Amino acid sequence: MGIRSPRRRPARIKVRHPIFPLAFFILFLVGCASPGEPIARRAPVPAAITDLSAKQSGNSAVLTFTLPRETIERRLLKRTPEIEIYRGFAAASPQTAVAAAGSVPKPATGEAPPPATSPTPPVNLSLAMTIPSALVSHYQHGREIHYADSWTPEILQQHAGDLVTYVVRTAESPKKSSPDSNEVNLTVHLAPNPIADLKAQLALAAIDLAWTAAQQTPIGPAPTIDHYEIYRSEISAGATKEKSAATPQAFPIPGAKEAPAEPIKIATTQSTSYEDTQVALDATYKYFVRSLVEYSGEPVVSADSNTVTIAMHDVFPPSVPTGLVLVPVPAQNEAPAHLDLSWNLNSETDVAGYNVYRSEQESTSGARLNSQLLPTPVFSDMSAVAGRRYFYRVTAVDRSGNESKTSAAVSGEIPAESQPK
């Protein structure tokens, strides 16, 4: 079998052109880039807030909303955005202005009633507050932001009865703010100044609260107080909550606090005092009070009063035992002569027992005879000496250790002849 000669390849034509090396170099640089990675990154823009709400508390607007977790491109934010709060005022419509003044005219017969809400006038918004991302945690409760925009006396003087509009934006980088949040509107009403002299003191099975009515707003006399709202929270000493497994977050929240337990409104009253009887022994309570006024049926509450904290301890002793009687008992069989005491059972349900005191002088209570509390209202003095006159008194003690005053004294003695010879 013969050996085949190798197939001769056609000669390549070499073309030399000065533009080819430059084109190859550019293609090489492009090929070295990471696949899919953009050459220039755009700064993330947070998604718009959609749950902004506002309510008046005292002479402030309390804004509540949830921080966005994503960008407008639905990518997770990597850090806490800063918050921009915009505010604007507009003169109220005639209907709103009349309502703010405290009365709404009734439509004439045959007229259609006015609309429940009037269109919001156009408002020029301006930046009222910027919260840097490093300070957001101070206003954060869980994922919600609570921010109180305090209306200064100048604002109240100029805009009482007007409408105030709020819009919020967030930004993760400068000049890249989110779209506007939903818009919220409030009427600026004058609220009374907060109560400043709330006091609490212990009473028998209750806590008594008292305060003075607020007479002023920041710019003048206060409107008539309709009623007061009493709020209470219970402080549990040493109470700790087990933390559940944390939900992964889009960005860290340094120092973020858990949403605090809301105080409970326990009562309303038109008086400037209140007795809280729904309390438990050895519990500690915190109280504050709000004043409430009404503007054409729209309630407006003052800011919280000063808070008072009080521990519910029983410091009230039982009533003095009554009906104490003494009976000399002669010696019988092996039992020596002695003095028997008995008295009426106290009516309190928390009485733990009784003490018996003996003295040889009517003016003093003397020494306690029982080493432990007597569970029943009877006692036998087996240590009495025949021929000596003794004075006896008894007290009641409750489960908190409070001891009543001593009862009226009774006296008696063991006759000398009753003692065995």
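Residues numbered from 1 in each chain as written. Predicted model: local features only at pLDDT ≥ 70, side-chain atom pairs only at ≥ 80, totals over all residues. Heavy atoms only, no water.

Section: the overall build of the protein chain
Thinking step 1. Counting its regular elements, the protein chain contains three helices and 25 strands.
Thinking step 2. Within the span of the protein chain, comprising 421 residues, buried residues form 34% of the whole.
Thinking step 3. The contacts in the protein chain between residues at least 6 apart in sequence include a share of 71% that link residues at least 24 apart.
Thinking step 4. Accessible surface for the protein chain amounts to roughly 26,500 Å². Of this, 54% is attributable to carbon and sulfur atoms. (Helix = DSSP H or I, 4+ residues; strand = E, 2+ residues; numbered from the N terminus. Buried < 20%, exposed > 50% of the residue type's maximum accessible area, 1.4 Å probe, protein only. Contact = heavy atoms within 4.5 Å. Areas by Shrake-Rupley, 256 points an atom, 1.4 Å probe, with all protein chains shown as cover.)

Focus: the sheet that holds strand β24 (residues 389-398)
Thinking step 1. Reading across the sheet, the four strands line up as β22-β21-β24-β25 and stay open at both edges, with antiparallel pairing between neighbours. Looking at which strands have only one partner, the edges of the open sheet turn out to be β22 (367-368) and β25 (410-413).
Thinking step 2. Of the pairings in the sheet, the one linking β24 to β25 comprises four bridges and is antiparallel in character. Across the sheet, residue Y392 finds its bridge partner in β25, namely V410. (Pairing = 2+ DSSP bridges.)

Describing the pattern of salt bridges
Thinking step 1. Under the criterion given, the structure shown has eight salt bridges.
Thinking step 2. Among the ionic pairs, D149 bridges to R87, the shortest N-O distance being 3.0 Å. Of this pair, D149 sits in strand β6 (residues 144-150) while R87 sits in strand β3 (residues 82-90), placing them 62 residues apart in sequence.
Thinking step 3. Overall, the relative accessible area of 5% leaves D149 in the buried class.
Thinking step 4. D180 serves as the salt-bridge partner of R169, at 2.5 Å between the closest nitrogen and oxygen. (Salt bridge = Lys/Arg side-chain N within 4 Å of Asp/Glu carboxyl O.)

Thoughts on the nonpolar core
Thinking step 1. Among the nonpolar cores identified, the biggest contains 43 residues, and I83, W151 and Y287 are the most heavily contacted of them.
Thinking step 2. Ignoring sequence-local partners within four residues, the contact set of I83 consists of F65, L67, M129, T130, I131, V136, I145, V168, R169 and T170.
Thinking step 3. Core analysis: the second largest hydrophobic core is formed by 18 residues, Y354, F379, V394 and I414 among them. (Core = buried A, V, L, I, M, F, W, Y, C linked by side-chain atoms within 4.5 Å.)

Observations regarding the environment of S181
Thinking step 1. Structurally, S181 can be placed in the loop between β7 (163-171) and β8 (184-187).
Thinking step 2. Classification of S181 by relative accessible area gives buried; the value is 8%.
Thinking step 3. Sequence separation between S181 and A48 is 133 residues, and the spatial gap between their C-alpha atoms is 5.4 Å.
Thinking step 4. Apart from residues lying up to four places away in sequence, S181 is in contact with I49, L52, V167 and V168.
Thinking step 5. Within the structure, the side chain of S181 is placed 2.9 Å from the backbone nitrogen of V168, a separation counted as a polar contact. (Polar contact = N/O pair within 3.5 Å; in protein donor to acceptor, adjacent residues only side chain to side chain.)

A short note on the sheet that holds strand β23 (residues 378-381)
Thinking step 1. Strand order in the open sheet formed by three strands is β19-β20-β23, and the pairing between neighbours is antiparallel. Looking at which strands have only one partner, the edges of the open sheet turn out to be β19 (325-329) and β23. Here the strands of the sheet are splayed against their neighbours by 20° on average, with no regard to which way each runs.
Thinking step 2. Here β19 pairs with strand β20 (residues 338-342) via five bridges, running antiparallel. Looking at β20, one finds that V329 is bridged to H338. (Axes fitted to C-alpha atoms, helices over the stretch in contact; angles between N-to-C directions.)

Describing the environment of R42
Thinking step 1. With respect to the helices and strands, R42 occurs in the loop between α1 (19-32) and β1 (53-56).
Thinking step 2. For the pair R42 and K176, spaced 134 residues apart in sequence, the C-alpha to C-alpha distance is 9.7 Å.

Observations regarding the confidence of the model for the protein chain
Thinking step 1. Residues at a pLDDT of 70 or more form 76% of the protein chain, whose mean pLDDT is 83.
Thinking step 2. In this model, residues 96-120 is a region of pLDDT below 50 whose contacts with residues beyond four sequence positions or in other chains number 26 contacts.
Thinking step 3. This model gives residues 237-260 a pLDDT under 50, and the stretch forms 38 contacts once residues within four places in sequence are excluded. (pLDDT = per-residue confidence, 0-100.)

A short note on the environment of A408
Thinking step 1. With respect to the secondary-structure elements, A408 resides in the loop between β24 and β25.
Thinking step 2. In the structure, A408 is positioned 16 residues away from Y392 in sequence and 8.4 Å away in space, judged by C-alpha atoms.
Thinking step 3. The contact partners of A408, leaving out residues within four places of it in the chain, are L324, Y392 and R393.

Quick look at unusual backbone geometry
Thinking step 1. At A205, a residue that is not glycine, the phi angle is positive and equals roughly 60°.
Thinking step 2. By secondary structure assignment, the location of A205 is in the loop between β9 (199-203) and β10 (206-210).
Thinking step 3. Phi at N333 is positive, roughly 50°, even though this residue is not glycine.
Thinking step 4. Checked against the element boundaries, N333 lands in the loop between β19 and β20.
Thinking step 5. Its relative accessible area of 85% is what places N333 among the exposed residues.

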